Amino acid sequence: MARAEEKAQAEKPHLSAAVSSPIGKRIGLENIGLSLGLALLVVSPPLLQIVTGGYFVFDAMNAFVLPHVKGFIVVFLAIHGVTLICRKATANSKILVILLGAVMLVFLCRGFLATAALSPHDLSQKLQDLLAFLGMQSIDLTTLRRLTVIGLFGLFLLLSPILLRSSSRVLRACAAFGWALGFITIFRFYTVVDMRDEPVATRALPALKAAAPPAARRVVWVIFDEFDYGRIFERRNPKLVLPNLDRLAAQSVTAMNAVSPASSTGISIPSLITGTQVFESIPVGPARLMLKSGDGTLADWASGPTVFSRLLASGHAVSILGFYHPYCGLFPFVEPCISRPPHAYPAWWWGIWRALAVIPGLHLITRRSELNSQEQQAITDVQLQHLDTHLDYAPAALSFLHFNFPHLPGRRSNGITLVEGGKSLPGYDQNVLMVDWTLGKIVERLAVASQGQDILLIISSDHWLRVNALVQNLPPEELVREVGEDRKEMHKVPLMIRRLRETSPHVISQPINTIHTGRLIEDFLAGRVSDHSDIVAWWQYTQYMPPSGVERPAGK
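About the thresholds
- Residues numbered from 1 in each chain as written.
- Predicted model: local features only at pLDDT ≥ 70, side-chain atom pairs only at ≥ 80, totals over all residues.
- Heavy atoms only, no water.
- Helix = DSSP H or I, 4+ residues; strand = E, 2+ residues; numbered from the N terminus.
- Patch = residues over 30% accessible without salt bridge, like charges linked within 9 Å, V, L, I, M, F, W, Y side chains within 5 Å.
- Areas by Shrake-Rupley, 256 points an atom, 1.4 Å probe, with all protein chains shown as cover.
- Salt bridge = Lys/Arg side-chain N within 4 Å of Asp/Glu carboxyl O.
- Buried < 20%, exposed > 50% of the residue type's maximum accessible area, 1.4 Å probe, protein only.
- Axes fitted to C-alpha atoms, helices over the stretch in contact; angles between N-to-C directions.
- Parallel < 35°, antiparallel > 145°, perpendicular 65-115°, else oblique.
- Left-handed = near helix turned anticlockwise from the far one by under 90°.
- Contact = heavy atoms within 4.5 Å.
- Nonpolar A, V, L, I, M, F, W, Y, C, P; charged D, E, K, R; others polar.
- Disulfide = S-S within 2.5 Å.
- Pairing = 2+ DSSP bridges.
- Phe/Tyr/Trp six-rings, centres within 6.5 Å; stacked < 30°, edge-to-face > 60°.
- Lys NZ or Arg CZ within 6 Å of the ring centre and 35° of its normal.

Visitor: Lay out the environment of Gln377 with the relevant residues and their values.
Guide: Along the chain, Gln377 falls in helix α17 (residues 368-391). Put simply, Gln377 and Phe405 are 28 residues apart on the chain and 9.3 Å apart in space, counted from C-alpha to C-alpha.

This is how it looks when you write it as structure tokens:
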């Protein structure tokens with residue numbers, strides 16, 4: 001009987017087996033090492049995904065070191081607490097080991113994907129491509145991800161007896177991979193980030209240029225991210241009141257069938273800035289983006305011709321207030337410049353929640369949108385804080401403003417007290433209220449700050465509201481909260497062009513592509529285009545191109 005009890009006791013999954021040496025038994029060094037390794041396994045994948053491309057990393061301390069340290073400490077304490085509970089509560093150790101093993105499995109898979117520079121979305125897309133190549137019916141990405149998770153969980157259940165018999169070895173293996181992943185993250189960080197360079201997020205207004213005379217002609221080009229034509233002009237929510245936008249549209253040249261160059265910011269913005277259609281953008285390092293054209297050739301966005309470089313070469317000044325792209329690193333010759341990439345603020349919690357959110361049903365407690373909203377609201381605050389500076393900079397012949405709203409999901413107008421009345425609206429409509437407030441501020445500020453200048457104000461978007469992508473990636477109840485009941489997707493974007501000296505409305509009815517906007521700006525500054533009638537005639541001679549990956553024309 002004694003021998004049977006000893007055998008049963010030996011088969012119980014004691015995590016304390018990790019503490020084997022005399023010193024380890026006394027102060028738990030091996031257990032601490034195990035917990036640190038598991039903490040690295042949890043924290044490294046989301047950071048490794050940020051660091052892999054290096055394109056958005058601009059501030060080593062705020063974007064990498066601080067979030068890594070904070071996440072490392074919190075996750076270490078959590079895992080160390082679990083291991084201590086497992087040592088003491090042997091009656092529940094099997095359940096704890098299984099739960100811990102399931103969580104480790106999720107992060108182990110994400111760790112391998114991050115090491116291979118792949119995201120779950122990339123993997124799902126490759127599986128979709130494989131199914132299409134084999135002639136099988138395509139499965140949407142959300143279903144494919146959930147099937148993958150269910151398959152892995154089933155495999156985990158089959159292997160759980162082995163895990164229970166050798167839990168210490170399995171956790172040791174996960175911890176070892178965590179240590180390796182941590183070193184890979186640090187190595188990749190130092191290979192893609194030049195530590196000798198100063199942060200490129202902000203370059204203030206130079207004193208000498210601030211004293212320069214105002215430009216005789218000036219263009220203020222405003223791009224609101226994911227600003228949709230259909231939701232604003234054709235199917236507007238009756239509760240959504242936009243006085244500033246409606247007033248501007250009634251005094252401008254307005255396009256009824258305008259499309260953006262592409263459906264994503266990473267491709268559409270380079271197309272707008274270069275004036276040539278881009279089909280793919282590939283980050284290759286800090287502030288380096290390679291652009292692929294239709295014939296497959298690659299070109300460096302920063303070193304190629306752009307509307308910025310052409311204007312500067314002709315003696316015009318340019319200013320940039322941006323988001324998403326590291327504009328200040330891409331175009332170091334532009335001053336003043338402010339750009340806040342999407343990873344400008346520590347978001348390691350967001351990465352961890354996204355790793356867990358692939359489990360069906362877990363979105364109910366992860367609240368993905370609210371987590372993302374905090375980061376995006378901080379970017380919005382920075383942009384609005386510096387807006388007046390750029391609008392008041394009269395020497396700039398071109399002021400390029402790229403705002404991060406009304407982009408979805410999860411970005412709310414709670415940072416502007418003047419639009420608090422719209423809290424009952426869906427999230428996208430709330431953010432459109434922010435667009436309206438910002439438009440009113442821009443028009444009012446330009447009227448006061450730029451007396452005597454001939455100013456052309458251009459309002460557009462980098463792409464439309466991508467409802468189809470939201471349908472695939474958001475649960476139904478969250479989708480309704482974000483966009484309401486309207487799930488119709490149209491590939492049209494707003495385009496309003498107003499010469500501030502004019503108030504006569506004009507309409508462009510034919511399909512156009514906003515990719516030509518840069519050339520219009522150059523012609524206006526050169527005096528080849530003057531009034532609203534000239535602008536309407538100018539667009540009649542542009543070539544229509546459908547957005548990349550979209551074959552149907554606008555309005556069809």
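Visitor: Tell me about a nonpolar patch on the surface, and please be specific about residues and values.
Guide: On the surface, a cluster of nonpolar side chains totalling about 320 Å² of accessible area is made up of Val65, Val69, Ile73 and Leu77. As for its placement among the helices and strands, Val65 is situated in helix α4 (residues 60-88). On the basis of relative accessibility, which here comes to 31%, the residue Val65 falls in the partly exposed class.

Visitor: Tell me what's going on with the packing of helix α21 (residues 517-525) against helix α22 (residues 532-540), and back it up with residues and numbers.
Guide: The N-to-C vectors of α21 and α22 enclose an angle of 135°; their axes lie 12 Å apart at closest approach. One finds that α21 runs oblique with respect to α22. With respect to the hand of their crossing, α21 and α22 are arranged in right-handed fashion. In contact with Thr517, Arg519, Leu520 and Asp523 of α21, α22 contributes Ile535, Trp538 and Trp539. Classifying every residue of the contact of α21 with α22 by side-chain character gives four nonpolar, one polar and two charged.

Visitor: So, the state of the cysteines: which residues are in play, and what are the values?
Guide: For the structure on display, the rule yields one disulfide. Note that Cys328 is cross-linked by a disulfide to Cys337, the S-S spacing being 2.2 Å. Of note, the bridge from Cys328 to Cys337 carries an S-S torsion of about -100° and is left-handed in sense.

Visitor: Please set out the pairing of strand β12 (residues 496-499) residue by residue, giving values where relevant.
Guide: Regular strands show a simple pattern: their side chains alternate between the two faces of the sheet. Residues Met496 and Arg498 of β12 are buried on one face, and the alternating residues Ile497 and Arg499, pointing to the opposite face, are buried as well. In this structure, strand β11 (residues 454-461) lies alongside β12, joined through four bridges in antiparallel fashion. Each bridged residue has a counterpart across the sheet, and for Ile458 the counterpart in β12 is Ile497.

Visitor: Would you mind going over the packing of aromatic side chains in detail, with residue names and values included?
Guide: A complete count under the given rule lists 14 aromatic pairs for this structure. The residue whose ring lies beneath Arg217 is Phe524, and the NZ or CZ to ring-centre distance is 4.7 Å.

Visitor: How would you sum up the pattern of salt bridges? Please name residues and give values.
Guide: Summed over all chains, the structure comprises 16 salt bridges. For the salt bridge of Glu226 with Arg466, the shortest nitrogen-to-oxygen distance reads 3.2 Å. With Glu226 in the loop between β2 (217-224) and α10 (229-234) and Arg466 in the loop between β11 and α19 (467-473), this pair connects stretches of sequence that are 240 residues apart. You can call Glu226 buried: its relative accessible area is 2%. For Arg466, a relative accessible area of 21% puts it in the partly exposed group. Among the ionic pairs, Asp388 bridges to Lys441, the shortest N-O distance being 3.4 Å. One end of the pair, Asp388, is in helix α17; the other, Lys441, is in helix α18 (residues 427-449), with 53 residues separating them in the sequence. Within this structure, Arg217, Asp454, Arg499, Arg501 and Glu502 form a network of salt bridges that share partners.

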